[in-house]
Amino acid sequence: RAATDGTSTVMMVRPRAWNMIEANVMVNGRRVSGALFDFGMFVFSSGRHLAELSRGPFLYLSKLESASEAALWDRIFTWTEEALDIPANTIKACVLIESLPAAFEMDEMLWELRNHSAGLNCGMWDYAASFITRMGHDRRKIFPDRNRYVSMDRHFMRSYRRKVIATCHRRGAPATGGMFAGVDDGSLTTHDKQLLVSACVSAKEGDALAGADGALVYDLSLVQPVQDAFAKHFAKGCPNQLSSYAARDADTVTAHDLLQIPTGTLA
């Protein structure tokens, strides 16, 4: 349960994707959706309490590929709020844009979740993997070595990030940069820790310069360095960049930009 003094960490639950099932629970002879099971357990046990504290319920939705899936989640949120006597539009969700289809429907997805939206988030590696899933059959679309030639500096990734940020800001929603996956597992030397922090700050400053309002990290020790990196680019007293980065880029990103395969050699 969340602390009543408002000092506890805000929890954002990530339900499983729509294609996953909960093998241990059946309803009317059928295994239930893993996404609905995760969401249901979370809001049933904690939803009203979090709402009373104005600390949720908050969710992080992954693997969505279309506006219709976002619309389904919105209907589920609305029904849940009524069923649990939670004030309307209290449930908020951030959607991870990590697939090629979602990149072409992100504006519609944001619109469908408009009453329950916590913005959109970039997911670099899953987004790149989506190209392989969707276009791997086409020899003209084969990716080079991803470890060497796929990064946020590549045109298709810069375009994707720019479109996420511009789409969110046009709607007045926050846009967050990608996850920094580096972790200090306790075995790093002091020098290696400094390199980890430096790499993280460098990557997240790139997101800040692009106009993002925040980012994700795995390692809690990186939270403060990332916050400091973003704060340097925010207007004084402003917690985001919605006002300084308008939606001017929303319509300048074309399908060609999003589909441009990076050049390089195979592994």
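Residues numbered from 1 in each chain as written. Predicted model: local features only at pLDDT ≥ 70, side-chain atom pairs only at ≥ 80, totals over all residues. Heavy atoms only, no water.

Draft legend 1. Focus on the overall build of the chain. Counting its regular elements, the chain contains 10 helices and eight strands. For the chain, the C-alpha radius of gyration of 19 Å lies close to 18 Å, the compact-globule estimate for 267 residues. Dimensions of the chain, computed from the C-alpha atoms along their principal axes, are close to 55 × 45 × 45 Å. Sequence separation of at least 24 residues holds for 73% of the intrachain contacts in the chain that already meet a minimum separation of 6. Accessible area of the chain: about 14,500 Å², with a carbon and sulfur share of 53%. (Helix = DSSP H or I, 4+ residues; strand = E, 2+ residues; numbered from the N terminus. Rg over C-alpha atoms; globule rule 2.2 N^0.38 Å. Contact = heavy atoms within 4.5 Å. Areas by Shrake-Rupley, 256 points an atom, 1.4 Å probe, with all protein chains shown as cover.)

Draft legend 2. Inspection of a nonpolar patch on the surface at higher detail. On the surface, a cluster of nonpolar side chains totalling about 300 Å² of accessible area is made up of M179, V183 and Y218. A relative accessible area of 44% means that V183 is categorised as partly exposed. (Patch = residues over 30% accessible without salt bridge, like charges linked within 9 Å, V, L, I, M, F, W, Y side chains within 5 Å. Salt bridge = Lys/Arg side-chain N within 4 Å of Asp/Glu carboxyl O. Buried < 20%, exposed > 50% of the residue type's maximum accessible area, 1.4 Å probe, protein only.)

Draft legend 3. Representation of the pattern of salt bridges in the model. According to the stated counting rule, one finds 11 salt bridges in the structure shown. In this structure, D107 engages R171 in a salt bridge whose closest nitrogen and oxygen atoms are separated by 3.1 Å. Of the two residues, D107 sits in helix 4 (residues 106–112) while R171 sits in the loop between helix 7 (155–170) and strand 7 (175–180), which places them 64 residues apart along the sequence. By relative accessible area, which is 18% here, D107 ends up buried. Residue R171 is classed as partly exposed on the basis of its relative accessible area, which comes to 40%.

Draft legend 4. The side chain of T176, seen in detail. Mapped onto the elements of the fold, T176 is located in strand 7. For T176, a relative accessible area of 19% puts it in the buried group. Separated by 2.9 Å, the side chains of T176 and N121 make a polar contact. (Polar contact = N/O pair within 3.5 Å; in protein donor to acceptor, adjacent residues only side chain to side chain.)

Draft legend 5. Just the packing of aromatic side chains, in detail. The tally for this structure, following the rule as stated, stands at nine aromatic pairs. Measuring from centroid to centroid gives 5.4 Å for Y127 and F131, while their planes differ by 80°, and the two rings are edge-to-face. On the criterion of helical spacing, the pair formed by Y127 and F131 is a turn pair, its members being four residues apart in helix 5 (residues 124–135). Measuring from ring centre to ring centre gives 3.8 Å for Y127 and Y160, while their planes differ by 10°; the resulting arrangement is stacked. Placement of the pair is Y127 in helix 5 and Y160 in helix 7, with a sequence separation of 33 residues. Residue Y127 is classed as buried on the basis of its relative accessible area of 0%. The ring of W111 carries the charged tip of R114 above its face, separated from the ring centre by 4.0 Å. (Phe/Tyr/Trp six-rings, centres within 6.5 Å; stacked < 30°, edge-to-face > 60°. Lys NZ or Arg CZ within 6 Å of the ring centre and 35° of its normal.)

Draft legend 6. Just the packing of helix 5 against helix 7, in detail. At a closest axis distance of 12 Å, the pairing of helix 5 and helix 7 adopts a crossing angle of 120°. The orientation of helix 5 with respect to helix 7, classified from their angle, is oblique. Crossing hand, helix 5 versus helix 7: right-handed. Here M124, Y127 and F131 of helix 5 lie close against helix 7, whose contacting residues are F156, M157 and Y160. Residue composition of the contact of helix 5 with helix 7, grouped by class: six nonpolar, no polar and no charged. (Axes fitted to C-alpha atoms, helices over the stretch in contact; angles between N-to-C directions. Parallel < 35°, antiparallel > 145°, perpendicular 65-115°, else oblique. Left-handed = near helix turned anticlockwise from the far one by under 90°. Nonpolar A, V, L, I, M, F, W, Y, C, P; charged D, E, K, R; others polar.)

Draft legend 7. Inspection of the sheet that holds strand 4 (residues 58–61) at higher detail. With parallel pairing, six strands are arranged side by side in an open sheet as 1-4-5-6-7-8. This sheet does not close on itself; its edge strands, each paired only once, are strand 1 (12–13) and strand 8 (214–217). In this sheet, strand 4 lies alongside strand 1 in parallel orientation, the contact comprising two bridges. For V13, the partnering residue across the bridge sits in strand 4 and is L59. Running over the sheet, helix 7 touches strand 5 (92–97), strand 6 (117–122) and strand 7 and is turned about 170° from strand 6. (Pairing = 2+ DSSP bridges.)

Draft legend 8. Here's a closer look at the environment of A210. Topologically, A210 is positioned in helix 8 (residues 190–210). A210 gets classed as partly exposed once you look at its relative accessible area, which sits at 26%. The spatial distance from the C-alpha of A210 to the C-alpha of E105 is 21 Å, given a sequence separation of 105 residues.

Draft legend 9. Quick look at the nonpolar core. Counting 55 residues, the largest nonpolar core has L61, W73, F77, I97 and Y127 as its most contacted members. Each residue touching I97, except ones within four places of it in the same chain, is listed here: A102, A103, M106, M109, L120, N121, C122, G123, Y160 and V164. (Core = buried A, V, L, I, M, F, W, Y, C linked by side-chain atoms within 4.5 Å.)

Draft legend 10. Region of interest: helix 2 (residues 67–83). Its 17 residues place the ends of helix 2 24 Å apart at the C-alpha level, agreeing with the 24 Å of an ideal helix rising 1.5 Å per residue. Those residues of helix 2 that fall on the buried side of the exposure criterion are A67, A70, A71, W73, D74, I76, F77, T80 and E81. Buried residues along helix 2 sit against helix 1 (34–52), strand 4, strand 5 and helix 4. At the C-terminal side of helix 2, D85 shows a positive phi close to 55°. (Expected span 1.5 Å × (residues − 1).)

Note that all results are geometric; they support no functional claim without further evidence.
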